[in-house]
Structure formats: C-alpha cells, structure tokens
Amino acid sequence: MVWWVRTDPCGLFSAGLTSLLLIYAQFVFVWVVVLPWYGLSWHVVLYTALSALAFVSHCRAQFSEPGVVPLERKEARTTPHALKRSEEVIKQRRIHPRDLPKRCKHCHVIRPAEAHHCRLCGRCVMRMDHHCPWVNNCVGLFNQKYFLLFLIYTGLCCIYCGVMLVARFVSCTRSLRQCTVRGGHVALCVINFVEALVFGLFVAVMLFDQLQAIFENTPGIDALQNRRGVQRSKMENLTAVFGEKLSWTWLMPFNMPQSLSKELDRELDNAACLFTVAQQRRKVLAKQRADKELARAEAMEAAILKRAESGGNGALDDDDEAMRMHEEQLDSFYSESEDRIKRRQLNRDETEFDSEEEEDVDGYLSDEYEYYDDDYDDGRRHLD
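Residues numbered from 1 in each chain as written. Predicted model: local features only at pLDDT ≥ 70, side-chain atom pairs only at ≥ 80, totals over all residues. Heavy atoms only, no water.

S.K.: Please clarify how the overall build of the chain should be interpreted in this entry.
M.R.: The helix and strand tally for the chain stands at ten helices and six strands. The buried share among the 384 residues of the chain stands at 42%. At a minimum sequence separation of 6, the contacts of the chain that also span at least 24 residues come to 71%. (Helix = DSSP H or I, 4+ residues; strand = E, 2+ residues; numbered from the N terminus. Buried < 20%, exposed > 50% of the residue type's maximum accessible area, 1.4 Å probe, protein only. Contact = heavy atoms within 4.5 Å.)

So, in structure tokens, the structure goes:
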C-alpha cells in the first residue's frame, strides 16, 4: 500500500525539491565534472550507486506507512491471562498513569503510550519521532530505517560531490588550458558546491539527532515531553529500528522486516489490555469515591445534629472553619471534574477522559484522596 500525505503543501514542495536536488547533483557530478575529466570511471559508478540509494531511501521514507495505529482492529487479543497481568501491573503501580494507553480524541483509536497523533498525517503513529517536511511524512516505527539511510547516503553524496568539485577546481587553476569546465558549467558547479555544503551540514545535524534519539531509545516527541524510554544497549536500539540483527540488509532500503509488524501488533494488544483494565479500575475507584463522599456527608450531618442536640450555638471554631473550607475545595474539584466528563459525554458517546482529565482524576484517586481522608478523620475526631 502506497502512503502519501497530500494535506501539507509545504511538505509536498520540500519533498519534491529534495528529489530534484538529488537529480541535479547527479547530473552535475557525472556529466559536468567527472566524464569530461576522467571519462567513464569508477567515480561515476560509485557516486551513481550512492545517489540511487539516497533517492530510493527518500522515496521509501516518503511513501511508506510510518506505523499508524489502525482505525478499526478486528481482533484485539485481550486474553484473560493478559488482562490479569495488566491488572497486576496497574495495581502495583509499575506503570506511570501518563504511560497508560489512552483513546485519541482526534482519530478515536486506543493508542499505546509510545504512539502520538500527527495533525498533518491525521493518524496516530507508533514510535513517532517527528513529522519531516523533507520526506513529507512522519518518521515512525516502519520508516525510521529508510529515513536514517536517506540521511547517511545523502551525507556521503554531499561529501563525495564536494571533494570532487574542490579537486576539479584545483586542477583547473593549475592548468587552465586543459580545464573543461567553462561558461555555464562554472555556474552549475558553484550551485552544486553550495548545495553540497548546505545540505551536508543539515544532514549531519539531522543524522546526529536521529542517532542520539535511537541510542537513548527516546523519540523526539517523547524527549520534548521529558519522557525517557527503557535503557538498552546501542546495538539493541539499532536492532529495534532496523527490525533484524546486524547484516548487510541494514544498508538496503528495499525491505521492511516482518518483525516490525509483529511488534506493532504486540504493542496494540498490550495497549488494549491495559486500556480495558484501566477503564474497569477507574469505574471501581469512582464508585469507591462516591461511597466515601456519601459517608463523609452523613458524618458531617451527624456531627452538626449532635452539636445542636447538646445545646451548641452552631458556630464553627477555627479548626471547624478550616475543615469546612477544605471540604468546599474538594467538592469544587470533584464538581468541575464531573462537569468536564459530562460535557465530553454529550459531545461524543465515550466514557474516556482526555489526557489532562485523566491525570487530574487519577492523581485525585491515588494520592490526594488519602490526604483528604486523613484530614477528614482528624476533623471527625475533633468534632466528636
């Protein structure tokens, strides 16, 4: 299946310009510099091979699906064993709440924590690093190998072309009579040299950035969010990108190992299990929260009635006033969270929270609830 992003005019222009510059550099290097100088030599063969590999890598990075999360997945293998394992992970808090799978509010799919939604592609992309306009596509699980090879081969072409242009310039300064670069060819060579210099520096920076992200197992989007991947060796991270153990096929932009497809399926299965368990746990915690709120209200009412029966004037002392303000803040927070959830249910028949609401409610249920309970118990003992 050919994947082509047509919603970004800037990306379409940049990707087309990149292809034209590769073709232009090939023409100048072969027909203007090398053939009039050395004839049909190994320089032509080597540079043509590098240029062809760079061009194919660019096309594969542009027209390959980057690893999108399917909009409709027929079989989500949420086996009882997997659900039980996911429940143990959540109960033991071996996973941070923000690393739990969430339902994307744009394309409405259950996405793993390593997936991010791309506005230009309109889909959630697994292990998304960034959206690159020069390939008019996201760099993700399925095409990061092609993008990395594109940077490597383009960088080699820039170095090779720049060195040959400098060598040709030096040879022409030594013997002007034997120099075949004249007239309009000089302008073509100057433009090609500027292209090699600028693109070479740009590709070197991008290649360093990609290798750093791969070695740290932290894609660009995750790094911006201060999230870090599982620490592994550099070879393990490279193997995860190329989808197979070290071999000569790492250098060939012609195939995508099936292991990457299996990895995507495995991540989607895990995400489905974690999402199902997390939703069930949220419902249980929400019920517990409602029961405790009801018990709290009944306790407060009983305390007020007891004071009234004992002949108190009902005035609240300083501790009671602080307790009342504490209760009002808690009720306000709970009411605002409920209002946000109801608005989402009116807009779309879904029960999931968005990321901000999930963090608020999960934090309330896990940490803040115990804090409020302790304060409330102290208040009850004081009233009693």
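S.K.: Is there a simple way to think about the state of the cysteines in this case?
M.R.: Between two cysteines, a covalent bond joining their sulfur atoms is known as a disulfide. This structure, assessed with the given rule, holds zero disulfides. Here Cys121 stays free of any disulfide, with the sulfur of Cys138 as its closest cysteine sulfur at 3.5 Å. Assessed through its relative accessible area of 13%, Cys121 is described here as buried. Looking at Cys138, it has no disulfide partner, and the nearest cysteine sulfur is the one in Cys118, 3.2 Å off. (Disulfide = S-S within 2.5 Å.)

S.K.: Please explain the nonpolar core as it appears in this structure.
M.R.: One recurring pattern in soluble globular proteins is that nonpolar side chains are buried together. Judged by nonpolar contacts, the single largest core of 37 residues is most densely connected at Phe29, Tyr47, Phe147 and Phe242. Of all the secondary-structure elements, those providing two or more residues to this core are helix H1 (9-38), helix H2 (42-63), helix H4 (144-174), helix H5 (184-215) and helix H7 (234-242). Sequence-distant contacts of Phe147, that is, excluding residues within four places in its chain, are made with Ala61, His130, Cys132, Val135, Val139, Met206 and Gln210. If you look at the next biggest cluster of nonpolar residues, it comprises twelve residues, including Val69, Cys124, Leu264 and Leu268. (Core = buried A, V, L, I, M, F, W, Y, C linked by side-chain atoms within 4.5 Å.)

S.K.: Which parts of the structure should I look at to understand the environment of Leu251?
M.R.: Here Leu251 is to be found in the loop between H7 and helix H8 (258-309). Relative accessible area serves as the criterion here: at 49%, Leu251 is assigned to the partly exposed category. Separated by 106 residues in the primary sequence, Leu251 and Lys145 place their C-alpha atoms 9.2 Å from one another.

S.K.: Honestly, the pairing of strand E3 (residues 115-118) in this entry has me stumped. Any pointers?
M.R.: For a regular strand, side-chain orientation follows a simple rule: the groups alternate between the two sheet faces. As paired elements, E3 and strand E4 (residues 123-126) share four bridges and run antiparallel to each other. Counterpart to Ala115 in the pairing with E4 is Met126. Between E3 and E4, which pair antiparallel and follow one another directly, the connecting turn spans four residues, one of which, Gly122, has a positive phi of 75°. (Pairing = 2+ DSSP bridges.)

S.K.: Mind showing me how you'd approach a nonpolar patch on the surface here?
M.R.: Residues Val166, Phe169, Val170, Val186, Val190, Phe193, Val194, Leu197, Val198 and Leu201 make up a contiguous nonpolar surface patch of roughly 870 Å² in combined accessible area. Of all the secondary structure elements, the ones that give two or more residues to the nonpolar patch are H4 and H5. At seven residues, H5 tops the list of elements feeding residues into the nonpolar patch. On the secondary structure map, Val198 appears in helix H5. (Patch = residues over 30% accessible without salt bridge, like charges linked within 9 Å, V, L, I, M, F, W, Y side chains within 5 Å. Areas by Shrake-Rupley, 256 points an atom, 1.4 Å probe, with all protein chains shown as cover. Salt bridge = Lys/Arg side-chain N within 4 Å of Asp/Glu carboxyl O.)

S.K.: So what exactly am I meant to see when it comes to the side chain of Ser14 here?
M.R.: Note that Ser14 resides in helix H1. Within the structure, the side chain of Ser14 is placed 2.9 Å from the backbone oxygen of Cys10, a separation counted as a polar contact. (Polar contact = N/O pair within 3.5 Å; in protein donor to acceptor, adjacent residues only side chain to side chain.)

S.K.: Help me understand the pattern of salt bridges, please; the structure alone is not making it clear to me.
M.R.: Opposite charge on two side chains permits them to pair, given that their charged atoms come into close proximity. In the structure shown here, the tally under the stated rule is three salt bridges. In this structure, the salt-bridge partner of Glu263 is Arg127, at a minimum N-O distance of 2.6 Å. Separated by 136 residues along the polypeptide, Glu263 in helix H8 and Arg127 in the loop between E4 and strand E5 (130-132) bring together distant segments of the chain. Here Glu263 and Arg127 have matching classes, each one buried.

S.K.: Mind showing me how you'd approach the packing of aromatic side chains here?
M.R.: Here the distance between the centres and the angle between the planes together describe a pair of aromatic rings. Considering all chains together, one arrives at nine aromatic pairs under this definition. Here Phe29 and Tyr47 contribute two aromatic rings whose centre-to-centre distance is 4.0 Å and whose plane-to-plane angle is 20°, an arrangement assigned as stacked. Taken as a pair, Phe29 in helix H1 and Tyr47 in helix H2 lie far apart in primary sequence, 18 residues in all. Given the relative accessible area of 0%, Phe29 is considered buried. Aromatic rings pair up to connect Phe29, Tyr47 and Tyr160 into one cluster. When the ring centre of Phe215 is taken as reference, the NZ or CZ atom of Lys234 above it lies at 5.2 Å. (Phe/Tyr/Trp six-rings, centres within 6.5 Å; stacked < 30°, edge-to-face > 60°. Lys NZ or Arg CZ within 6 Å of the ring centre and 35° of its normal.)

S.K.: What am I meant to see in the side chain of Asp222 here?
M.R.: Relative to the assigned elements, Asp222 resides in helix H6 (residues 220-224). Of the side chains with opposite charge, Arg227 comes closest to the buried, unpaired Asp222, at an N-O distance of 4.2 Å. For Asp222, the contacting residues outside a window of four places in its chain are His116, Arg227 and Arg228. (Lys, Arg positive; Asp, Glu negative; His and termini not counted.)

S.K.: Explanation requested: the packing of H1 against H5 in the structure shown.
M.R.: Between two packed helices, the angle of one axis relative to the other and the distance separating the axes together describe the packing. Two elements in contact, H1 and H5, have axes separated by 10 Å at closest approach and are oriented at 130°. As judged from the angle between their axes, H1 and H5 are oblique. Handedness of the crossing formed by H1 with H5: left-handed. Within the contact between the two elements, H1 uses Leu21, Leu22, Tyr24, Ala25, Phe27, Val28, Phe29, Val32 and Val33 and H5 uses His185, Leu188, Cys189, Ile191, Asn192, Glu195 and Phe199. (Axes fitted to C-alpha atoms, helices over the stretch in contact; angles between N-to-C directions. Parallel < 35°, antiparallel > 145°, perpendicular 65-115°, else oblique. Left-handed = near helix turned anticlockwise from the far one by under 90°.)

S.K.: I keep staring at the packing of H1 against H4 and nothing clicks. Help me out?
M.R.: Where H1 contacts H4, the two axes come as close as 11 Å, and the packing angle between them is 35°. Considering the relative orientation of H1 and H4, their crossing is left-handed. Residues Thr18, Leu22, Phe29, Val33, Val34, Trp37 and Tyr38 of H1 pack against Phe150, Thr154, Tyr160, Cys161, Met164, Leu165, Ala167, Arg168 and Ser171 of H4. Residue composition of the contact of H1 with H4, by class: twelve nonpolar, three polar and one charged. (Nonpolar A, V, L, I, M, F, W, Y, C, P; charged D, E, K, R; others polar.)

S.K.: Before we go on, may I ask you to explain unusual backbone geometry in this structure?
M.R.: A negative phi angle is the norm for most residues apart from glycine, just as the trans form is the norm for most peptide bonds. We note that Arg127 has phi near 50°; this positive angle belongs to a residue other than glycine. In this structure Arg127 comes out as buried when scored by relative accessible area, which is 11%. Even without being a glycine, Asn136 presents a positive backbone phi close to 50°. On the secondary structure map, Asn136 appears in the loop between E5 and strand E6 (137-139). A residue is classified by how much of its surface remains accessible, and Asn136, at 0% relative accessible area, is buried.

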